[in-house]
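Results of the structural survey
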Amino acid sequence: MTPRQLIVLGVAAIWAAYPNRRVCGYMEFATDGWASDEMANTLQLLLEATWSSIFSVGAHDPKGEVLDAIGSYLDKKNGSLLELAAGSGKAATLWVDELTQWGSTAKVMLTDLQPN
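Everything numeric in this text was worked out from a predicted model, so none of it was measured.

1. Things to note about the overall build of the protein
If you tally the helices and strands in the protein, you get four helices and two strands. Starting at the N terminus and ending at the C terminus, the protein contains elements arranged as α-α-α-β-α-β. Within the protein, counting contacts between residues at least 6 apart in sequence, those at least 24 apart form 65% of the total. Element-wise, carbon and sulfur atoms account for 63% of the exposed surface of the protein, whose accessible area totals about 8200 Å².

2. Here we look at the nonpolar core
The biggest cluster of nonpolar side chains holds seven residues, and these are Phe55, Leu67, Leu74, Leu94, Trp95, Leu99 and Ala106. The set of elements that each furnish at least two residues to this core consists of helix 3 (65-77) and helix 4 (90-102). In terms of residue count, the dominant contributor to this core is helix 4 (three residues). The contact partners of Leu67, leaving out residues within four places of it in the chain, are Asp61, Trp95, Glu98, Leu99 and Trp102.

3. Some points on the environment of Lys107
Summarising the element assignment, Lys107 is placed in strand 2 (residues 107-110). When the C-alpha atoms of Lys107 and Leu81 are compared, they prove to be 6.2 Å apart, with 26 residues separating the residues in sequence. For Lys107, the residues in contact, after removing those within four places along its chain, are Gly79, Ser80, Leu81 and Val96.

Reading the values: the criteria
Residues numbered from 1 in each chain as written. Predicted model: local features only at pLDDT ≥ 70, side-chain atom pairs only at ≥ 80, totals over all residues. Heavy atoms only, no water. Helix = DSSP H or I, 4+ residues; strand = E, 2+ residues; numbered from the N terminus. Contact = heavy atoms within 4.5 Å. Areas by Shrake-Rupley, 256 points an atom, 1.4 Å probe, with all protein chains shown as cover. Core = buried A, V, L, I, M, F, W, Y, C linked by side-chain atoms within 4.5 Å. Buried < 20%, exposed > 50% of the residue type's maximum accessible area, 1.4 Å probe, protein only.

Put into structure tokens, the structure is as follows:
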């Protein structure tokens, strides 16, 4: 068996064994059945805490360029911020909080098949 055939066989085996396959499943490994609810919630809360830490020190947008670009675009289009596989929704709500302080009227829409 060639290395390429071995890789294809491995990918096929993983695809066949992966629980609860669905279109966006690769975005939500922790909530797709391999981890307990407690583990999945713990991982989502850890990610939420990480986002909070990143925003609290300004590491998400040190020069304000991202916030300016997103705010200008959303206000020009009268748009909203959409987050897919949002989990707890912390990242999107932090961005909207900052946009509101910037003077934007943008709203946030959170979507998740298994929200926390």
